[in-house]
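# Secondary and tertiary structure notes
Residues per chain, in single letters:
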Amino acid sequence: MTHYTILPEEAYWDDKEVSDSYTEIELGGILMQVRMEQDNRATIIRLLRCSLDDYLNPAIAPGQQVTFVPILNNQ
């Protein structure tokens, strides 16, 4: 991919605010990258580890929101 621009490379690829707000969670055995929202919600960005059938599931498609409850493990 070629980009022709007068902007310096640092300014063009600098997207720290967006990348810092992403995290990975595992939900139902599916590892996904999500953007954290308020009220224990997260918006699915992409699926990282899942079966091929999971890509056809509209409930976990990118852009969908999931709700979760954080749990502390006492070990």
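Please refer to the structure higher up on the page.
A short tour of the structure in this document, coming up. The structure displayed is predicted, hence computed values, not measured ones.

## Re the overall build of the protein chain
Across its full length, the protein chain carries two helices and four strands. Traced from its N-terminal end to its C-terminal end, the protein chain shows the element sequence α-α-β-β-β-β. In the protein chain, which comprises 75 residues, the proportion classed as buried is 17%. For the protein chain, long-range pairs separated by at least 24 residues make up 21% of all intrachain contacts whose partners lie at least 6 apart in sequence. Counting only carbon and sulfur atoms, one obtains 51% of the accessible surface of the protein chain, whose full area is about 6500 Å².

## Digging into the pairing of strand β1 (residues 22-27)
Relative to strand β2 (residues 30-36), β1 runs antiparallel, the two sharing six bridges. Opposite Thr23, over in β2, you have Val34 as the bridge partner. Taking the residues between adjacent antiparallel strands as the criterion, β1 and β2 are bridged by two residues, where Gly28 takes a positive phi near 65 degrees.

## Considerations on the side chain of Gln33
Residue position: Gln33 is located in strand β2. Within polar-contact distance, the side chain of Gln33 engages the side chain of Arg46 at 2.7 Å.

## Quick notes on unusual backbone geometry
With phi around 60 degrees, Asp39 is a residue other than glycine that occupies positive phi space. Tracing the backbone through its elements, the reader meets Asp39 in the loop between β2 and β3 (41-49). We classify Asp39 as exposed; its relative accessible area is 66%. Even without being glycine, Asn40 reaches a positive phi, approximately 55 degrees. Tracing the backbone through its elements, the reader meets Asn40 in the loop between β2 and β3. Assessed through its relative accessible area of 38%, Asn40 is described here as partly exposed.

## Observations concerning a nonpolar patch on the surface
A surface patch of nonpolar side chains, about 340 Å² in accessible area, is lined by Leu7, Tyr12 and Trp13. Take Trp13: it is sitting in helix α1 (residues 9-13).

## Description of the nonpolar core
Counting nine residues, the largest nonpolar core consists of Ile25, Ile30, Met32, Val34, Ala42, Ile44, Leu47, Ile60 and Val66. Mapped onto this core, the elements with two or more residues apiece are β2 and β3. In contact with Ala42, other than residues within four places in its own chain, are Val34, Arg35, Met36, Glu37, Gln64, Gln65, Val66 and Phe68.

Quick notes on the rules
- Residues numbered from 1 in each chain as written.
- Predicted model: local features only at pLDDT ≥ 70, side-chain atom pairs only at ≥ 80, totals over all residues.
- Heavy atoms only, no water.
- Helix = DSSP H or I, 4+ residues; strand = E, 2+ residues; numbered from the N terminus.
- Buried < 20%, exposed > 50% of the residue type's maximum accessible area, 1.4 Å probe, protein only.
- Contact = heavy atoms within 4.5 Å.
- Areas by Shrake-Rupley, 256 points an atom, 1.4 Å probe, with all protein chains shown as cover.
- Pairing = 2+ DSSP bridges.
- Polar contact = N/O pair within 3.5 Å; in protein donor to acceptor, adjacent residues only side chain to side chain.
- Patch = residues over 30% accessible without salt bridge, like charges linked within 9 Å, V, L, I, M, F, W, Y side chains within 5 Å.
- Salt bridge = Lys/Arg side-chain N within 4 Å of Asp/Glu carboxyl O.
- Core = buried A, V, L, I, M, F, W, Y, C linked by side-chain atoms within 4.5 Å.

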